Amino acid sequence: MKLFVYLVLLSLLCASAHMSPIRFAWDAMGGAWDMIRAYKDMREANYIGADKYFHARGNYDAAQRGPGGAWAAKVLSDARELWQSDVSGRGAEDTRADQEANEWGRNGGDPNRYRPPGLPPQY
């Protein structure tokens, strides 16, 4: 049943975006990969204060692919924040700040707004 609901929502999104479902799905897969890459980079960097930068960067990169990428970024960001707020106990303030960085990047804002001083340039 959930798969059917997702397919209906995907169809509606594609129709409203005036694009083929195949293109939307391709962009969504690419956007999901962008989010995974940002997460891997965040774990590799292990840099204090860089969390929001990687949130913004992953969402920005995904959204640059188009509506499918932006959709994937929103779904993955919301799911991660829901899980994180329930499991990690970091609290509402951290979740709110993460979501602000997610939206900033997804809406085309420069992720470097959240880049901490001293973060290695390869990120």
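Residues numbered from 1 in each chain as written. Predicted model: local features only at pLDDT ≥ 70, side-chain atom pairs only at ≥ 80, totals over all residues. Heavy atoms only, no water.

Turning our attention to the overall build of the protein. Assigned secondary structure in the protein consists of five helices and zero strands. Secondary structure elements of the protein occur, N-terminal to C-terminal, as α-α-α-α-α. Burial statistics for the protein: of 123 residues in total, 38% are counted as buried. Within the structure as shown, the protein displays about 7600 Å² of accessible surface, and the carbon and sulfur contribution to it stands at 63%. (Helix = DSSP H or I, 4+ residues; strand = E, 2+ residues; numbered from the N terminus. Buried < 20%, exposed > 50% of the residue type's maximum accessible area, 1.4 Å probe, protein only. Areas by Shrake-Rupley, 256 points an atom, 1.4 Å probe, with all protein chains shown as cover.)

With that settled, the discussion passes to helix α3 (residues 51–63). The terminal C-alpha atoms of α3, which comprises 13 residues, lie 19 Å apart, in line with the 18 Å expected from a rise of 1.5 Å per residue. For α3, the buried fraction is high: eleven of the 13 residues fall into the buried class. Buried residues in α3 make contact with α2 (21–45), α4 (67–87) and α5 (92–106). (Expected span 1.5 Å × (residues − 1). Contact = heavy atoms within 4.5 Å.)

Summarising the element assignment, A45 is placed in helix α2. For A45, a relative accessible area of 17% corresponds to the buried category. Each C-alpha atom, one on A45 and one on Q122, is 9.5 Å from the other, the two residues being 77 residues apart in sequence. With near-sequence residues (within four places) excluded, A45 lies in contact with F54, L119 and Y123.

Topologically, D34 is positioned in helix α2. Side-chain polar atoms of D34 contact the backbone nitrogen of A62, separated by 3.5 Å. Setting aside chain neighbours within four positions, we find D34 in contact with G58, D61, A62 and R65. (Polar contact = N/O pair within 3.5 Å; in protein donor to acceptor, adjacent residues only side chain to side chain.)

What follows deals with the environment of S77. By secondary structure assignment, the location of S77 is in helix α4. Taking relative accessible area as the criterion, S77 reaches 4% and is therefore assigned buried. Look past the residues within four positions of S77 in its chain and what remains in contact with it is M35, N59, Q99, N102 and R106.

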